[in-house]
Amino acid sequence: MTNKTSVSISRCDSYDRDKVITAIGQTFDFFGGIQNIIKKGTQVLLKPNFIKESSPEDCTITHPMVIEAVAKKVLEMGATPIIGDSPAFGAISKIARRAGIDRFAEEHGIKIIELDSPRRVNTQCGTKPFTLTVSGRALDVDAIINIPKLKAHGQLLYTAGVKNMYGCVSGKRKAWRHFQSSDDIEWYTEMLLANYQAVKPTFTIVDAIMAMEKHGPSGGIPKQVSLIFGGIDCIAIDRVIAEVINAQPSQSPLLKTAKAHNIGEQNLNNITIFGESLSSAKIPDFILPKLVPIGFTTFRVMKSLAKHLWLKNFGKAVLFLLTLSLLLPMNAFSDSEPNRLTNFPSQVAIDDIIHVPTGQKVQFADLTYFFNCASVLYVGETHANKAAHQVQLKIVKAYYEKFGNNIAIGMEMFTRPYQPFLDQWVAGEIDENKFLEETHWDSEWGYDYYLYKDILDFAREKKIPVIALNAPKAVVKMVSKNGLKGLSEEEKKQLPEIDTTDIFHRFYLERAIREHMVDRTADLEKYNDVQNLWEEYMAQTIADYLSSWEGKDKKFLAFAGNGHIIYDFGIPEKVFRRSHLPYYTIYPAEFHGDKPPPEHDLFLPEIPLEPADFVWVIPPLVEQKRIYLGVQLKKTTDNKLVIQEITPKSPAEKAGFLVGDVISSIDGTAVKGVPDLVHYLQTKKFGDTCTVDIQRNGTKISYSVTLFEMETE
């Protein structure tokens, strides 16, 4: 086309309300004022990018301040603004609430609507006809102001004006059209342009104050661009944006197809630029993504549908029926898929290692070949099972033999505030008692230290860095009490980026705790929040360490509970989202007998994902009751262990201990702290006798104490 068109570029360096209002007003003024775009008394759809529930700071959605500024201009004009979108995931009401635009909308009587009521329309891309289904609610308004977010896009290079109008396609028809494309990018972009022609916006304002680079349309990196683009022709706007972010038009599948069909204006000589010049607006270091295929597999469409319905809080019966109705006609799984054991050995023995993708058993020496390929190796555990920790120890030793001191160990068992004491332990600067005392092992973790002792001793001997992975208890308590949505802005600043929307992760968590839930909905929400907090925090810790000067290029072993690594949707996915570093997962699995049980967490038919890269068969946990004296102790300021309370019918009561006694040694070994006593007792058996020395009113008394199993109520 050779028609002269215009695009405005306004500078705005933050989302400060006054600055945004000024920039939006300037944008409209470049085109003769808003009165030259919409009319008094009309209904105007404000179409933001609300792809999913997200914090505005993530740059995944259009910033609410930009929407608010546009809405105010529409209200000043005497027109009626309506905020509407059809999100890829979840309900628009939830997204608006998370973004904070709901309060503004309620205050000004602005409706927030789902772009549903699908209607079939005949449209075209150039001369190529299309029959598409779009939202009747978008078709019925008098005008549309398109308010996209500038973001990198893994399939279209970047997304701005044209692509945002795809949000006028109702519900999961968007995912279905990806599936229909069969990876034909030309067909897909033609369809997008035909859709744009069917619901062509009256005016477009692109939020590029903070954009998203490198990945997208979600999960990318926020990028300060400090610009707002405006105009009528979305093709011209997208072409100007390409120039600003240093993208070649030929790299953009959408611009390439638009040019082939003579849609919109792309010749910069025919585009009048208002405001900032192209040269002053340039962002030469904007990171563009590597393009991936446009098509969605059947499974991805199914997963997208399930995730969308779950987030919209439809009942589980509806979720199941709709997902099933999609799966059956589309033949999403082969006949063998429901039986997750088909590709797994029919018989296993202790210490068998199974490569899950192939179902082949491998020797440990073969497993070590994979170490070179991964930056991160996740090794799970059943916390109380000694056999799982022996697997971890064997891998640590093999890692050290292979890579020397170019390794680090991350442990779920320690929270970040205790990192200095881990460093002192590895350096040999504190003894074991001081280490356990300073890290509050028994109160913070609680499992028997002797399960982990060999690993920590080896790390100390070889000077291998041990990284505390987990979130501080105070932060966990805060989220457990209030949930993520109940946190203040100041409280949210203590948290890493948290994504709670994975449908399969959520299903797995609910299954794990359903027997212990009373108010299922309320409890699940907070449990889901806390579980994701733990995993996102550990993932952020790993990613931060591996990008630091001390961790860069090191091989990293991450030790965490099996539930945090199974199916990859816990820590592994969250680290990969941040770093894109290669990894493997090893799942120590307890099997009773020589046949894998179909009800095991590894073989859930509802989760069509690989449970791990490797499964290492370990013996089942044999429950061993801990041995106690039956005393509550308090350490005084002068380092004395004073008995505060004695359990009735306990070994301590039967031996004759009294409240106020000071315990000084056991079997001749000085007791300097509670961990000393607790861990020594675990080396004994029920029926053993030990000698405990106490101080009572300045007098030393030795008691012979028989250790027996205390009765429990």
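Residues numbered from 1 in each chain as written. Predicted model: local features only at pLDDT ≥ 70, side-chain atom pairs only at ≥ 80, totals over all residues. Heavy atoms only, no water.

This part covers the overall build of the chain. Secondary structure summary: the chain contains 26 helices and 26 strands in total. Looking at the chain residue by residue over its 713 residues, the buried ones come to 56%. Total accessible area computed for the chain in this model is approximately 31100 Å², and 50% of it derives from carbon and sulfur atoms. (Helix = DSSP H or I, 4+ residues; strand = E, 2+ residues; numbered from the N terminus. Buried < 20%, exposed > 50% of the residue type's maximum accessible area, 1.4 Å probe, protein only. Areas by Shrake-Rupley, 256 points an atom, 1.4 Å probe, with all protein chains shown as cover.)

Another aspect to go through is empty space enclosed by the protein. For the structure on display, the rule yields one cavity of 30 Å³ or more. Lining of the largest cavity is provided by L156, Y158, T159, A160, K163, D238, S252, L254 and L255. Contributions of two or more residues to the lining of the largest cavity are made by β9 (157-159) and α10 (253-260). Along the lines of polarity and charge, the residues of the lining of the largest cavity split into five nonpolar, two polar and two charged. (1 Å grid on protein atoms, 1.4 Å probe; cavity = no way out; pocket = protein on both sides within 12 Å on 5 of 7 lines; lining within 4 Å. Points joined across faces, edges and corners; volume = space filled by probe spheres on them. Nonpolar A, V, L, I, M, F, W, Y, C, P; charged D, E, K, R; others polar.)

Pairing between strand β21 (residues 631-635) and strand β22 (residues 641-646): five bridges, direction antiparallel. Across the sheet, residue L633 finds its bridge partner in β22, namely I643. Counting the residues in the hairpin turn of β21 and β22 gives five residues, including N639, whose phi is positive at 65°. (Pairing = 2+ DSSP bridges.)

Moving on, we get to the packing of aromatic side chains. Counting across every chain of the model gives 32 aromatic pairs. Residues F30 and F274 carry aromatic rings whose centres are separated by 5.6 Å and whose planes lie at 15° to one another, so their mutual orientation is stacked. Residue F30 is located in helix α1 (residues 17-30), and its partner F274 is located in strand β12 (residues 271-275); the two are separated by 244 residues in the primary sequence. When its relative accessible area of 26% is taken as the criterion, F30 is described as partly exposed. Taken together, a centroid distance of 6.4 Å and an interplanar angle of 35° make the contact between F591 and F603 tilted. Here F603 lies in the loop between β19 (583-590) and β20 (614-618) and F591 lies in the loop between β19 and β20, a separation of twelve residues in the sequence. With relative accessibility at 2%, the residue F591 sits in the buried group. (Phe/Tyr/Trp six-rings, centres within 6.5 Å; stacked < 30°, edge-to-face > 60°.)

Quick look at the environment of K39 now. On the secondary structure map, K39 appears in the loop between α1 and β2 (43-48). With relative accessibility at 52%, the residue K39 sits in the exposed group. Separated by 40 residues in the primary sequence, K39 and A79 place their C-alpha atoms 6.7 Å from one another. Sequence-distant contacts of K39, that is, excluding residues within four places in its chain, are made with M77 and A79. (Contact = heavy atoms within 4.5 Å.)

Membership of the largest hydrophobic core comes to 56 residues, with the highest contact counts inside it found for F229, I241 and V244. Here this core gets eight residues from one element, more than from any other, and that element is helix α9 (residues 234-244). Discounting residues that sit within four places of it in the chain, F229 has contacts with S8, I9, T204, I205, V206, A208, I237, V240, I241 and V244. Counting 45 residues, the second-largest nonpolar core is a separate cluster that includes V391, M413, Y449 and Y452. (Core = buried A, V, L, I, M, F, W, Y, C linked by side-chain atoms within 4.5 Å.)

In this model, α1 (14 residues) spans 20 Å end to end at C-alpha, consistent with the 20 Å of a helix rising 1.5 Å per residue. All of the buried residues along α1 are V20, A23, I24, G25, T27 and F28. Where the residues of α1 are buried, they touch β1 (5-11), α2 (64-76), β7 (143-147), β10 (203-213) and β11 (221-231). Where α1 starts, the residue carrying a side-chain oxygen 3.2 Å from the main-chain nitrogen of D18 turns out to be D16. Once α1 finishes, G32 follows within two positions and takes phi at roughly 90°, a positive value. (Expected span 1.5 Å × (residues − 1). Polar contact = N/O pair within 3.5 Å; in protein donor to acceptor, adjacent residues only side chain to side chain.)

Moving on to the pairing of strand β6 (residues 128-135). Here eight bridges tie strand β5 (residues 118-125) to β6, and the two strands are oriented antiparallel to one another. The residue of β6 that forms the bridge with R119 is V134. The antiparallel pairing of β5 with β6 creates a hairpin that spans two residues between the two strands, and G126 there sits at a positive phi of about 65°.

Let us look at the side chain of E381. Tracing the chain through its elements places E381 in the loop between β15 (376-379) and α15 (386-403). At 3.0 Å, the side chain of E381 and the side chain of Q392 are in polar contact. Side-chain polar atoms of E381 contact the side chain of Y452, separated by 2.6 Å. In contact with E381, other than residues within four places in its own chain, are A388, H389, Q392, M413, W445, Y452, F559, A560, G561, N562 and P588.

Scored by pLDDT, the chain comes out at a mean of 86, with 88% of its residues at no less than 70. Per-residue pLDDT stays below 50 along residues 326-338; that stretch engages in 17 contacts with residues further than four places along the chain or on separate chains. In the model, residues 515-522 has pLDDT below 50 throughout and makes six contacts with residues more than four positions away in sequence or in other chains. (pLDDT = per-residue confidence, 0-100.)

Next up on the list: the environment of E525. Along the chain, E525 falls in helix α23 (residues 520-546). Separated by 41 residues in the primary sequence, E525 and L484 have C-alpha atoms spaced 9.2 Å apart.

Turning our attention to helix α20 (residues 473-482). For α20, the set of buried residues is V475, V476, M478 and V479. Down the axis of α20, the sector holding all buried residues measures 160°, keeping them to one side. Exposed residues on α20 whose side chains face more than 90 degrees from its buried face are A474, K477 and K481. Just downstream of α20, G483 is the residue with a positive phi angle, here 75°. (Arc of directions from axis to C-beta.)

Let us look at the sheet that holds strand β17 (residues 466-470). The sheet built from eight strands is open, its strands ordered β14-β13-β20-β19-β15-β18-β16-β17 with mixed pairing. Either end of the sheet is taken by a strand with one partner, and the two such strands are β14 (360-362) and β17. Across the sheet, the mean angle separating the axes of adjacent strands is 25° when strand polarity is ignored. In terms of strand pairing, strand β13 (residues 353-355) meets β20 through three bridges, oriented antiparallel. From the neighbouring strand, I354 faces β20, where its bridge partner is V615. Across the sheet, α15 is in contact with β15, β16 (407-415), β18 (555-559), β19 and β20; its angle to β18 comes to roughly 175°. Contacts from helix α16 (residues 419-427) reach β16 and β17 within the one sheet, and its direction differs from that of β17 by about 160°. (Axes fitted to C-alpha atoms, helices over the stretch in contact; angles between N-to-C directions.)

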